[in-house]
Structure formats: C-alpha cells, structure tokens
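Observations on chain architecture
Now for the letters of each chain:
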Amino acid sequence: MTPATPAVSALRQRMLDDMHMRKLEPKTQSTYIRAVRHLAGFLQRSPDTATAEDLRRFQLHMVDQGVSPITLNATITGLKFLFDVTLRRGELMAGMSPVRVPQKLPVVLSREEVARLIAAASNLKYQTALSIAYGTGLRVGEIVALKISDIDSQRMTLRVEQGKGGKDRYAMLSPVLLERLRAWWRFANAKGKMLPGGWLFPGMNPVDPLTARQLNRAVHDAAEAARIDKRVTMHTLRHCFATHLLEQKVDIRLIQVLLGHKRLDTTTIYAHVATEILHEVVSPLENLQPA
C-alpha cells in the first residue's frame, strides 16, 4: 500500500497551471511556489486572503529577519505572479517594492592562476570541463547539458541549446580547446564511459549527465589543490573568460554575444576588473607640470 499524496490546494494548482501555461522554467516555478509558501506561513492563513497591508507587513518582516536583497526581490517577483496572474488582484502589490541589490565586482583569476586551476583538476573529464568554462564562457548548467553532437569541428563552434532564458546560441571553439575535447573523447570512448551521441560529460552512469553540483565540487577541490587563495566557482571561469578577452581589446559587444547577455550593461561590469585596461588609464596627476 502506497502512502497517500497530500492534496494540492485549489489555489496552488491554479498557480501551477498558470506557470505551466507560460512554460516557466522548473526552477522559476519552485522559486514562486516557495515565495507563496513563505507568505502563507507568515499570515497563518491562505495567501488569497491577504490584504495590501498584510503584504507590506510581510516585506517589513523579511527585512527585519535579514533576508538578502536577492532573496527578497525573488520573493516579491513570485508574489507578483500570484496576485497579478493567478488572483488578478495586482493592486494589492502596490505596497511591496523591490530593493536595490549591491553591485559586487566578480572575482577574476590571472591567466597563470587559471592554468594552475585546470591542471589541478582531479581527472581528464574535469580538466576538459574547466577548459570549456574558461575557453568559451559557458555557464555550468550549459556545460553539463552539452552533447557530443554539439561540437562542430568544421565551423569551430559549440552549440548551446536552450541556455539561460531558453535561447540557443553558439560558443567559439579554439584549436587548443578542440584538441582537448578530442583527447577527452578518445579517453572516454576507450574506457566505455561515453555513449554514441550521448552526453559530452556523462555522470557515473553514462545515461545521465554530470551534475552542476559535481562540477562545482571539482573546481573547489582544484582551487584548493592549486593553492589559489580566492573564492573560486565555475562561474569564476566565466568571469575570467570575459575579463581576459576585454584585456585583449575584444569589442565588448562581441563579448556580450558570446556570454549570451541580454543587456550590454551586464557585460560592462568587466571593464571594472580588466586590470590591463585600468593600467592604461593615465591619472590626471601624471599630467600636472611642476610649478
């Protein structure tokens, strides 16, 4: 006998249907549902009974509890979907306001540190995956979703299917990176670790892809082994890719396309960390003539 599944409330089911109709990503749906659940816990009653004052008090409660700006804004976005779309009572959200998220500069490694990091990865699979992260600027979720068929050695590109925002795009493939991919393919095939037409980076079971968590753990271990005294994640390699290209005078609009950024101002943050560009700026003091 299987245990009974708890009944889904009519409100939650309607919201799930509304999100499904709009084909929202599973992660987005989970975030929205979590926001509504937190509101219900605060109110101790169904969220559809909330008033504008209740919502205002809820935001004040989150601020008092020290909720981060990113989480607070994500919660507001989820509740906005509930009241705007599912309940059609968007006017109740008038008292809730998104907060400014402090802009932090990304951690960027030197080229020498990147080389040490990749070399310190524990096996060829991880070394190749880290090489892709740095050589193409792909996100970790995009890397683990790659298949063998996404490699186009003739056009020297990697096809990224349904990246962030549900968009397809191409990443550039250098001769060095292509050779690393070929070395990994030869090794994995010889060991029976890769299925024909399957995942480029399979997990323990070749039917399944490597997970983002496994790859993030691998880069943490590599950073420790390489004795890199900086907070390193897979996304750090994406930051390095963009920053080092900018330092090589690659047009920032091209970097925007390669990163898959929707807005240029998201890409311009790398101008603040591209040290070789900063060093070219002459201080006004240098132009002062002695009296």
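Scroll up to find the structure this text is about.
This text gives an overview of the structure that appears in the document. Every value quoted in this text rests on a predicted model; they were computed, and no experiment measured them.

**Here's the deal with the pattern of salt bridges**
By the definition in use, this model includes 13 salt bridges. Among the ionic pairs, glutamate 142 bridges to arginine 169, the shortest N-O distance being 2.8 Å. One end of the pair, glutamate 142, is in helix 7 (residues 140–144); the other, arginine 169, is in strand 3 (residues 169–172), and 27 residues separate them in sequence. The pair glutamate 142 / arginine 169 is uniform in exposure class, with both members buried. Shared partners join several salt bridges into a network, and the residues in it are Arg45, Asp54 and Arg57.

**Some words on the side chain of threonine 136**
As for its position among the elements, threonine 136 is in helix 6 (residues 124–136). Looking at threonine 136, its side chain comes within polar contact range of the main-chain nitrogen of leucine 138, at 3.3 Å. Every residue in contact with threonine 136, bar those within four places of it in the chain, is listed here: Leu158, Ala171, Met172, Leu177, Phe241 and Leu258.

**A look at the nonpolar core**
Counting residues in hydrophobic clusters, the biggest one holds 52 residues, and the most contacted among them are Leu117, Leu130, Ile132, Ile143, Phe201 and Leu215. Among the secondary structure elements, those contributing two or more residues to this core are helix 5 (111–120), helix 6, helix 7, strand 2 (157–160), helix 8 (175–190), helix 9 (212–225), helix 10 (234–247) and helix 11 (252–259). Take this core: its biggest share by element is seven residues, from helix 10. Not counting residues within four places of it along the chain, the set of residues in contact with phenylalanine 201 comprises Lys125, Thr128, Ala129, Ile132, Ile143, Leu146, Trp184, Pro209 and Leu210. The next biggest cluster of nonpolar side chains, apart from the first, holds 23 residues, and it includes Met15, Ala50, Leu55 and Leu92.

**Description of the packing of helix 1 (residues 10–21) against helix 2 (residues 26–43)**
Orientation of helix 1 relative to helix 2, taken along the N-to-C sense of each, is 155°, at an axis distance of 11 Å. With respect to helix 2, the element helix 1 is oriented roughly antiparallel. Between helix 1 and helix 2 lies a crossing of right-handed hand. Only Gln29, Tyr32, Ile33 and Val36 of helix 2 make contact with helix 1, whose side of the interface consists of Arg12, Met15, Leu16, Met19 and His20. Residue classes in the contact of helix 1 with helix 2 are distributed as six nonpolar, two polar and one charged.

**Quick word on the packing of aromatic side chains**
Taken as a whole, this structure holds four aromatic pairs when the rule is applied. Taking the centre distance of 5.5 Å and the plane angle of 35° together, the rings of tyrosine 32 and phenylalanine 81 count as tilted. One end of the pair, tyrosine 32, is in helix 2; the other, phenylalanine 81, is in helix 4 (residues 69–86), with 49 residues separating them in the sequence. As far as the burial class goes, tyrosine 32 and phenylalanine 81 line up, both buried. Ring centres 5.4 Å apart and planes at 45° place the aromatic pair phenylalanine 42 and phenylalanine 58 in the tilted group. Here phenylalanine 42 is found in helix 2, whereas its partner phenylalanine 58 is found in helix 3 (residues 52–64), with 16 residues between them in sequence.

**A word on helix 3**
With 13 residues, helix 3 should cover 18 Å at 1.5 Å per step; its first-to-last C-alpha distance of 19 Å lies within 8% of that length. Taken residue by residue, helix 3 has Asp54, Leu55, Phe58, Gln59 and Met62 as its buried positions. Considered in projection along helix 3, the buried side chains sweep an arc of 140° and stay on one side of the axis. Those residues of helix 3 hidden inside the fold are in contact with helix 2 and helix 4. Phi turns positive one or two residues past the end of helix 3, at glycine 66, with a value near 80°.

Conventions we followed
Residues numbered from 1 in each chain as written. Predicted model: local features only at pLDDT ≥ 70, side-chain atom pairs only at ≥ 80, totals over all residues. Heavy atoms only, no water. Salt bridge = Lys/Arg side-chain N within 4 Å of Asp/Glu carboxyl O. Helix = DSSP H or I, 4+ residues; strand = E, 2+ residues; numbered from the N terminus. Buried < 20%, exposed > 50% of the residue type's maximum accessible area, 1.4 Å probe, protein only. Polar contact = N/O pair within 3.5 Å; in protein donor to acceptor, adjacent residues only side chain to side chain. Contact = heavy atoms within 4.5 Å. Core = buried A, V, L, I, M, F, W, Y, C linked by side-chain atoms within 4.5 Å. Axes fitted to C-alpha atoms, helices over the stretch in contact; angles between N-to-C directions. Parallel < 35°, antiparallel > 145°, perpendicular 65-115°, else oblique. Left-handed = near helix turned anticlockwise from the far one by under 90°. Nonpolar A, V, L, I, M, F, W, Y, C, P; charged D, E, K, R; others polar. Phe/Tyr/Trp six-rings, centres within 6.5 Å; stacked < 30°, edge-to-face > 60°. Expected span 1.5 Å × (residues − 1). Arc of directions from axis to C-beta.

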